[in-house]
Amino acid sequence: MVNKPLAYGPLVFSTRWLLSPLAGFTNLPFRRIVREIGGVGLCTTDLVNARGLLSGSEKTHELIATCPEDSPLSVQIFGHEPPIMAEAARMLEARGVDSIDINMGCPVNKVTKTGAGASLMCERDKTIDLVEAVVKAVKIPVTVKMRLGWDETQLTAPHFARAFEDVGVAAIAIHGRTRQQGFSGKVNRAGIRAVVEAVKSIPVIGNGDVLTVADAETMLRETGCAGVSIGRGALANPWIFRQLAQWEATGTYDPPGSFQERLELLRKQFGYVIELRGADRAAPFFRKMGHWYMKAMRVPAALRHALQLAKDAAEVDAVLARVAEQGPTIGTKTGLLPDLHISVPAGPNAHW
Ligand SMILES: Cc1cc2nc3c(=O)[nH]c(=O)nc-3n(C[C@H](O)[C@H](O)[C@H](O)COP(=O)(O)O)c2cc1C
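Now for a description of the structure that goes with this document. Since the structure is predicted, the reported quantities are computational estimates derived from the model, not experimental observations.

### Things to note about the packing of helix 7 (residues 157-166) against helix 8 (residues 189-198)
Where helix 7 contacts helix 8, the two axes come as close as 8 Å, and the packing angle between them is 30°. Relative to helix 8, the element helix 7 is oriented roughly parallel. Where helix 7 crosses over helix 8, the handedness of that crossing is right-handed. Together, A157, P158, A161 and R162 of helix 7 and A194, V195 and A198 of helix 8 make up the contact between the two elements. A per-class count over the contact of helix 7 with helix 8 returns 6 nonpolar, no polar and 1 charged.

This is the structure in C-alpha cells:
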C-alpha cells in the first residue's frame, strides 16, 4: 500500500480516490452528493468543449457551474487547437478552478473526427505541442486522461505519458483499455503498469472497472499506481469513496446505503438540480441519474419507468412518494441491498 498522499504538484489531496469524468453525470449536483458522503480526493467535471467555453455557450457554463463545497475541482477540456485550449485553460484558472484535465481518451466519433479526444493519440508531435501549450498557459496543475492507445498494435500511452511529463504535466490518468476496445474485455492492468513504469516521478491514476474496495486494492497492487479513479462504480455506489477512505485508514468499512438512505440521497441530489436549473427544467436533466438510483434501489420496473416520464419537480415528487411506499423488489427498506450488475454503456457513449 502506498503511503505518500496523492498530489498534483503543490495540490495535495485528502485521499487517493478520485471521481472519473462521466459525461451526463458528473455535474455539480452529483459532485456535491459524493463530496458530502466523503472520501473523494478530487472530482472532475464532464468533458467540456474548449471552444464552447470561450464562446460562452450556456451548456458549457452549466457544466462548469460550481460552489464553495465543490473543491478541489478539475475541469476536463477537449479540443485540438493549442491557442483555444490554452485560452480556455486561462479562463478556468481565472475562475478559481484547481486543476485542468485534457481529454485524450474520448473515442466518440463526434469528438475524434475533429482531431480531439482519442485521435490525439495518433498524432505524436502535434499532441505534445498541444499539451505543452496548455501547461504553459496556466500556473495550476494540468493533467491528461487517456486510454492505452488507439488499438492493440499502438499502445502509445507509456510513450506519451513520458513525453507529457517532460513538458510539465502534473499527473496522468489512464483507462486500461484501447480506443478500439470500447468497454469490452477486462481492463488491462499490465498496460497501466507500463505507464506507471514509463514516468519519472509524476503520479499515475489507474482507472477502469473498479467497483469495490477489493477491485481498488488490486488496481493499486498490480499497477503501482498512485491513485484510483472511479466512474461507473460511483453511479452504482456513491459511498465507494468513503468505503475506500475507511478501508485505507482502518482496514474495514461500512456497507453502502440502504434503500431508505439512497432515497434520501436521491431527493437531496434532485434538490440540488432544482437549485441549478429551476423546478421546471430539473426533471429531464435528472433522468439518467434517476435511472441509476432506481436500479440500485431495486425499484419495480413500472415505477422506474414512471420516473423517466416525470416532466417536472411535482411529478418527480409524486413518483418518489410511490417508490417510498412500495420499497425494493428484493430485500428491505433499511437493510443491505444486493450488489448491482454494472452494464457496459450503450448508445453514443458505447466506446467511452
Ligand atoms: C457515461 C459515460 C460518460 C463518460 N464521460 C467521460 C468524459 O466526459 N471524459 C472522460 O475522460 N471519460 C469519460 N468516460 C470514461 C470514464 O471516465 C472512465 O474512464 C471509464 O468509464 C472507465 O472507468 P469505470 O470502469 O470506473 O467507469 C465516460 C464513461 C461513461 C460510462
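### Quick look at the sheet that holds strand 3 (residues 17-19)
What the 8 strands build is a closed barrel, ordered 3-4-5-6-7-8-9-10; its pairing is parallel. Each adjacent strand pair in this sheet contributes to an overall mean axis angle of 25°, direction not counted. Of the pairings in the sheet, the one linking strand 7 (residues 142-147) to strand 8 (residues 171-175) comprises 5 bridges and is parallel in character. Its bridge partner lying in strand 8, M146 is registered against I174.

### Some remarks on the pairing of strand 9 (residues 204-207)
The two faces of strand 9 match: V204 and G206 on one face and I205 and N207 on the other face are all buried. Since strand 8 and strand 9 lie parallel, the crossover through helix 8 that links them has a hand, and here it is right-handed. Note that strand 9 and strand 10 (residues 227-230) share 3 bridges and pair parallel. Residue pairing in the sheet places N207 in a bridge with S229 of strand 10.

### Some thoughts on the nonpolar core
Judged by nonpolar contacts, the single largest core of 95 residues is most densely connected at I77, V134, V169, I172, I174 and I205. Residue contributions to this core peak at 8 residues, all from helix 13 (residues 279-296). Shared between two domains, this core takes at least three residues from each, and those domains are domain 1 (7-250) and domain 2 (259-326). With sequence-adjacent residues up to four places away left out, V169 is seen in contact with V131, V135, V142, T143, V144, F164 and I202.

### Observations regarding unusual backbone geometry
With an omega dihedral of -5°, the bond running from S71 to P72 counts as a cis peptide bond. One non-glycine residue, D209, lies in positive phi territory at about 65°. Exposure remark for D209: the 21 C-beta atoms within 10 Å place this residue in the buried category. Within the chain, R298 stands out as a residue other than glycine whose phi angle is a positive 55°. Following the sequence through the fold, R298 ends up in the loop between helix 13 and helix 14 (301-309). Take R298: there are 17 C-beta atoms within 10 Å of it, and that puts it in the partly exposed class.

### Considerations on the packing of helix 4 (residues 82-94) against helix 6 (residues 124-137)
At a closest axis distance of 8 Å, the pairing of helix 4 and helix 6 adopts a crossing angle of 30°. Accordingly, the angle class assigned to the pair helix 4 and helix 6 is roughly parallel. At the point where helix 4 passes helix 6, the crossing takes the right-handed sense. Mapping the contact onto sequence places P82, M85, A86, A89 and R90 in helix 4 and D129, L130, A133, V134 and A137 in helix 6. Looking at the contact of helix 4 with helix 6, its residues break down into 8 nonpolar, no polar and 2 charged.

### Description of the environment of T223
Among the structural elements, T223 can be located in helix 9 (residues 213-223). Measuring from C-alpha to C-alpha, the distance between T223 and N188 comes to 9.7 Å, with 35 residues separating the pair along the chain. Discounting residues that sit within four places of it in the chain, T223 has contacts with R189, I192, R193, V196 and G206.

### Details of the environment of P83
Along the chain, P83 falls in helix 4. Expressed as a C-alpha distance, the spacing of P83 and E217, which sit 134 residues apart in the sequence, is 40 Å.

### Topic: helix 15 (residues 313-326)
A rise of 1.5 Å per residue sets the reference length of helix 15, with its 14 residues, at 20 Å; its end C-alpha atoms lie 20 Å apart and thus fit the reference within 8%. Residues V316, V319, L320 and V323 constitute the buried set of helix 15. One side of helix 15 holds all its buried residues, which, seen down the axis, span an arc of 105°. Exposed and facing more than 90 degrees away from the buried side of helix 15 are A314, A318, A321 and E325. On the buried face of helix 15, the contacting elements are helix 12 (259-277), helix 13 and helix 14. One or two positions beyond helix 15, positive phi appears at G327, with a value near 75°.

What counts, and at which threshold
Residues numbered from 1 in each chain as written. Predicted model: local features only at pLDDT ≥ 70, side-chain atom pairs only at ≥ 80, totals over all residues. Axes fitted to C-alpha atoms, helices over the stretch in contact; angles between N-to-C directions. Helix = DSSP H or I, 4+ residues; strand = E, 2+ residues; numbered from the N terminus. Parallel < 35°, antiparallel > 145°, perpendicular 65-115°, else oblique. Left-handed = near helix turned anticlockwise from the far one by under 90°. Contact = placed C-beta atoms within 7 Å. Nonpolar A, V, L, I, M, F, W, Y, C, P; charged D, E, K, R; others polar. Pairing = 2+ DSSP bridges. Buried ≥ 20, exposed ≤ 12 C-beta atoms within 10 Å, placed from the backbone. Right-handed = clockwise from strand over helix to strand, strands pointing away. Core = buried A, V, L, I, M, F, W, Y, C linked by C-beta atoms within 7 Å. Domains from an automatic or database assignment. Expected span 1.5 Å × (residues − 1). Arc of directions from axis to C-beta.

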